[in-house]
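Structural overview
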Amino acid sequence: MKKLKKRKLALAMAITMLTASLSMFSSVSVSAKFYLDQLVVISNLESGGLLIATPQDIDMSQVTDRSYSIEHDVCCCFYIMYEADPMFSSVVKQAKPGDIIQYFGDGYFGSTCLAGINIMGYDSDGDVEIVGSVFDTPIGNFETVTIGDQTLMQMTDGDGTKYVFENEITYDDLEQFVWNKFTDEYRKEKHAIWVLPNEDGDVNSDNEVDSADAAVILEDIALSAVGDTGRMNASENLAADVNGDGVIDAQDAAIVLSYSAETGSGMLEGVTLKAYAAQ
């Protein structure tokens, strides 16, 4: 019991700190009349609630408060929906990760919408219901991806990076994701929410490995040389290091260019870029 109370206190403090500090990432606030779908990300919070996400696409025709703007780099907002709240209690008991929840009512539903973890709130009577699942129908920037024998949730970030959510993620996993997904250290380590890399060499995300990819790598090297962070997202950066030496350089571009030329001439049928780079 003491451990649970400490966990609840730690959770409340973490939420307070996150909400207070989220201006580092976004200053977008939303206080509006919502009929928006919410997506369950975690259904096993020790605090007795759901951790849900607001998908990226927002139908402005359904929002009555137009006194704010929404930035494109805010990919989604995370909220906590507590079982103790009468409006949410029945849904919290039934919902599982991937379920889509919709609010039905006439008042304000939602809260400050920042890139982080926020408190779900409302100021009127209404009802929330489970209306579907992302495992059946994609919603906003959430869909599913099949890896091996598992089908998992996938989120596309504002810069095009795809993140995969393991089935049993925790609050701590999501907190790490919110604060650290921008760092190289996070992308290189194993986490419960991880970057889905492009195919090796496909650094412009067009599902082809060709000379255009080599050109993007060379451009990125040139930009890095003058202090620019480049134009590739996390997935593309992982795909650019084709020889696996931890550095994106002209050698990677040369391998991609050579591989694409030999593949185009029919000389490398059945040979992957990774195998070619290892020769």
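That block above? That's the structure.
Residues numbered from 1 in each chain as written. Predicted model: local features only at pLDDT ≥ 70, side-chain atom pairs only at ≥ 80, totals over all residues. Heavy atoms only, no water.

**So, the overall build of the chain**
- When its secondary structure is counted, the chain shows eight helices and 10 strands.
- Here the chain holds 279 residues, and the buried ones make up 42% of them.
- In the chain, the proportion of contacts linking residues at least 24 apart, taken out of those at least 6 apart, comes to 63%. (Helix = DSSP H or I, 4+ residues; strand = E, 2+ residues; numbered from the N terminus. Buried < 20%, exposed > 50% of the residue type's maximum accessible area, 1.4 Å probe, protein only. Contact = heavy atoms within 4.5 Å.)

**Notes on the sheet that holds strand 10 (residues 193–195)**
- What the four strands build is an open sheet, ordered 7-8-9-10; its pairing is antiparallel. Edge positions in the sheet fall to strand 7 (142–147) and strand 10, since each has one partner strand and no second. Taken pair by pair, the neighbouring strands of this sheet meet at an average axis angle of 35 degrees, ignoring direction.
- As judged from the four bridges shared by strand 8 (residues 150–156) and strand 9 (residues 162–165), these two strands associate in the antiparallel manner. When the sheet's bridge partners are listed, methionine 153 is paired in strand 9 with phenylalanine 165. (Pairing = 2+ DSSP bridges. Axes fitted to C-alpha atoms, helices over the stretch in contact; angles between N-to-C directions.)

**A few points about unusual backbone geometry**
- Positive phi, normally seen in glycine, also occurs at serine 205, with a value near 55 degrees.
- Relative to the helices and strands, serine 205 is located in the loop between strand 10 and helix 5 (211–225).
- With a relative accessible area of 38%, serine 205 lands in the partly exposed category.
- Here the phi dihedral of asparagine 207 falls at roughly 65 degrees; this positive angle occurs in a residue that is not glycine.
- Within the secondary structure, asparagine 207 sits in the loop between strand 10 and helix 5.

**Some points on the pattern of salt bridges**
- Taken as a whole and assessed by the stated rule, the structure comprises four salt bridges.
- In this structure, aspartate 157 engages lysine 181 in a salt bridge whose closest nitrogen and oxygen atoms are separated by 2.4 Å. A residue pair is termed long-range when its members are at least 10 positions apart, and aspartate 157 in the loop between strand 8 and strand 9 and lysine 181 in the loop between helix 3 (171–180) and helix 4 (184–188) qualify at 24 residues. No difference in accessibility class separates aspartate 157 from lysine 181, as the two residues are buried.
- Of the charged contacts in the structure, one is a salt bridge between aspartate 200 and lysine 274, with a shortest N-O distance of 3.7 Å. Note that aspartate 200 is positioned in the loop between strand 10 and helix 5 and lysine 274 in helix 8 (residues 273–277), a separation of 74 residues in sequence.
- Since its relative accessible area comes to 23%, aspartate 200 is described here as partly exposed. (Salt bridge = Lys/Arg side-chain N within 4 Å of Asp/Glu carboxyl O.)

**Quick word on the pairing of strand 8**
- The buried count for strand 8 comes to five of seven residues, which makes it a mostly enclosed element.
- Across six bridges, strand 7 lies against strand 8 in antiparallel orientation. Paired with threonine 144 across the strands is methionine 153, a residue of strand 8.
- With antiparallel pairing between neighbouring strands as the criterion, strand 7 and strand 8 make up a hairpin whose turn holds two residues, including glycine 148 at a positive phi of roughly 65 degrees.
- The antiparallel hairpin formed by strand 8 and strand 9 contains five residues in its connecting segment, where glycine 160 sits at a positive phi of about 95 degrees.

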